[in-house]
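# A structural walkthrough
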Amino acid sequence: MASPTATLLISCPDQQGLVAKIANFIYANGGNVVHADQHRDEPSELFLSRIEWQLDGFNLKRDLIGAAFDSIAKPLEAKWQLHFSDEVPRVALWVSKQNHCLLDLLWRYQAGEIAAEIPLIISNHETLRSIAEQFNIAFYHIPITKATKAEQEAKQLALLKEHSIDLVVLAKYMQILSPDFIEQFPRVINIHHSFLPAFVGANPYHRAYDRGVKIIGATGHYVTSDLDAGPIIEQDVVHVSHRDQVSDLIRKGKDLERVVLARAVRLHLQNRVLVYGNRTVVFA
């Protein structure tokens, strides 16, 4: 098994010597850097960085690293996150009736491509229960109506707390989460079946067909209270032609949705995504 590592994700106002200060914190404590990347965002003059180092031989115990780094971060006005590679995130998959993204993620999970635990699947329909049973994962049917939304979202939040969930993945969950839900649990990734910001909302393939587009896309993004407008993690496109009907666009789009969602989830779980404002830096 590979040596466990620690990863810092950092954003702060840009200034001279930042790379040296961060690297010296690791070097001074006996650490060996295995990956380092940084970016300067020109409009905001923000410095953004991801640095990963081996824990073997590091002089600080992991429960002391955060406090030690915070003494460096505060004078820099830095926001930061600390993650450890051997702490496995717990992910909940949410679905409605479409199975293509769910099956793709579960196959990747079974193959060891997704470094996470998936203890439960939540759905507003019973349609995909058999898939959860096939993979021996708990399935919770929580139907949603306009009248019951607040009550049912409270049940969903309780399940996330009960199962110590770190991330929710909307694998074609065809419901809009309320602002109250997102405020209480903001770590949500969605797959949208268009190349955002084009064709926000429902039926993007039909609208793309009506518009006569030559490419269609898919977008993996974090969920915010603004519909399909959260920070983008991953996108991809495929060419279509005048010969393609709506059914062809849907078929090609589903292939894209699988791949784009899997990439977005993997990048998040590898702590390669740093959000600032409504944008992301992806240290791939």
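Residues numbered from 1 in each chain as written. Predicted model: local features only at pLDDT ≥ 70, side-chain atom pairs only at ≥ 80, totals over all residues. Heavy atoms only, no water.

Looking at an unreviewed UniProt entry, one finds the protein chain named Formyltetrahydrofolate deformylase, with Adonisia turfae CCMR0081 as its source organism. You can read under Pathway (unreviewed entry) in the UniProt record for the protein chain the words "Purine metabolism; IMP biosynthesis via de novo pathway; formate from 10-formyl-5,6,7,8-tetrahydrofolate: step 1/1." For the record of the protein chain, the UniProt heading Sequence similarities (unreviewed entry) holds the text "Belongs to the PurU family." (UniProt positions renumbered as here; feature names shortened; annotations may be inferred.)

### Re the pattern of salt bridges
Close approach of charged atoms allows side chains with opposite charge to pair. All chains considered together, the criterion is met by 19 salt bridges. Among the salt bridges present, the one from Glu-234 reaches Arg-263, with a minimum N-O distance of 3.0 Å. Here Glu-234 is found in strand 11 (residues 232–239), whereas its partner Arg-263 is found in helix 8 (residues 246–269), with 29 residues between them in sequence. Classification of Glu-234 as buried rests on a relative accessible area of 18%. Residues participating in the shared-partner salt-bridge network are Asp-104, Arg-108, Glu-113 and Arg-266. (Salt bridge = Lys/Arg side-chain N within 4 Å of Asp/Glu carboxyl O. Helix = DSSP H or I, 4+ residues; strand = E, 2+ residues; numbered from the N terminus. Buried < 20%, exposed > 50% of the residue type's maximum accessible area, 1.4 Å probe, protein only.)

### Some details on the pairing of strand 7 (residues 138–141)
Of the strand pairs in this sheet, strand 6 (residues 117–123) and strand 7 are connected by four bridges, and their pairing is parallel. Across the sheet, the residue bridging to Ile-122 is Tyr-140, located in strand 7. Note on the crossover from strand 6 through helix 4 (residues 129–134) to strand 7: the handedness is right-handed. (Pairing = 2+ DSSP bridges. Right-handed = clockwise from strand over helix to strand, strands pointing away.)

### Considerations on the packing of aromatic side chains
Following the criterion strictly, the structure yields six aromatic pairs and no others. Here Phe-25 and Phe-58 contribute two aromatic rings whose centre-to-centre distance is 6.5 Å and whose plane-to-plane angle is 65°, an arrangement assigned as edge-to-face. Of this pair, Phe-25 sits in helix 1 (residues 18–28) while Phe-58 sits in the loop between strand 3 (46–54) and helix 2 (62–73); the two residues are 33 residues apart in sequence, bridging distant segments of the chain. For the residue pair Phe-25 and Phe-58, the accessibility class agrees, reading buried in each case. An angle of 65° between the planes, with centres 5.5 Å apart, marks the rings of Trp-94 and Phe-181 as edge-to-face. (Phe/Tyr/Trp six-rings, centres within 6.5 Å; stacked < 30°, edge-to-face > 60°.)

### Details of the sheet that holds strand 4 (residues 79–84)
With antiparallel pairing, the four strands of this open sheet are ordered in space as 2-3-1-4. The open sheet has two edge strands, strand 2 (32–41) and strand 4, and neither has a second partner. Strand after strand, the sheet turns through a mean of 10° between neighbouring axes, direction not considered. Bridge count between strand 1 (residues 5–13) and strand 3: nine bridges; the pairing is antiparallel. Bridging across to strand 3, Cys-12 finds its partner in Phe-47. (Axes fitted to C-alpha atoms, helices over the stretch in contact; angles between N-to-C directions.)

### Side note on the side chain of His-100
Its place among the elements puts His-100 in helix 3 (residues 100–110). In this structure the side chain of His-100 is engaged in a polar contact, spanning 2.8 Å, whose partner is the side chain of Glu-257. Beyond its immediate sequence surroundings of up to four residues, His-100 is in contact with Lys-172, Lys-254, Glu-257 and Arg-258. (Polar contact = N/O pair within 3.5 Å; in protein donor to acceptor, adjacent residues only side chain to side chain. Contact = heavy atoms within 4.5 Å.)

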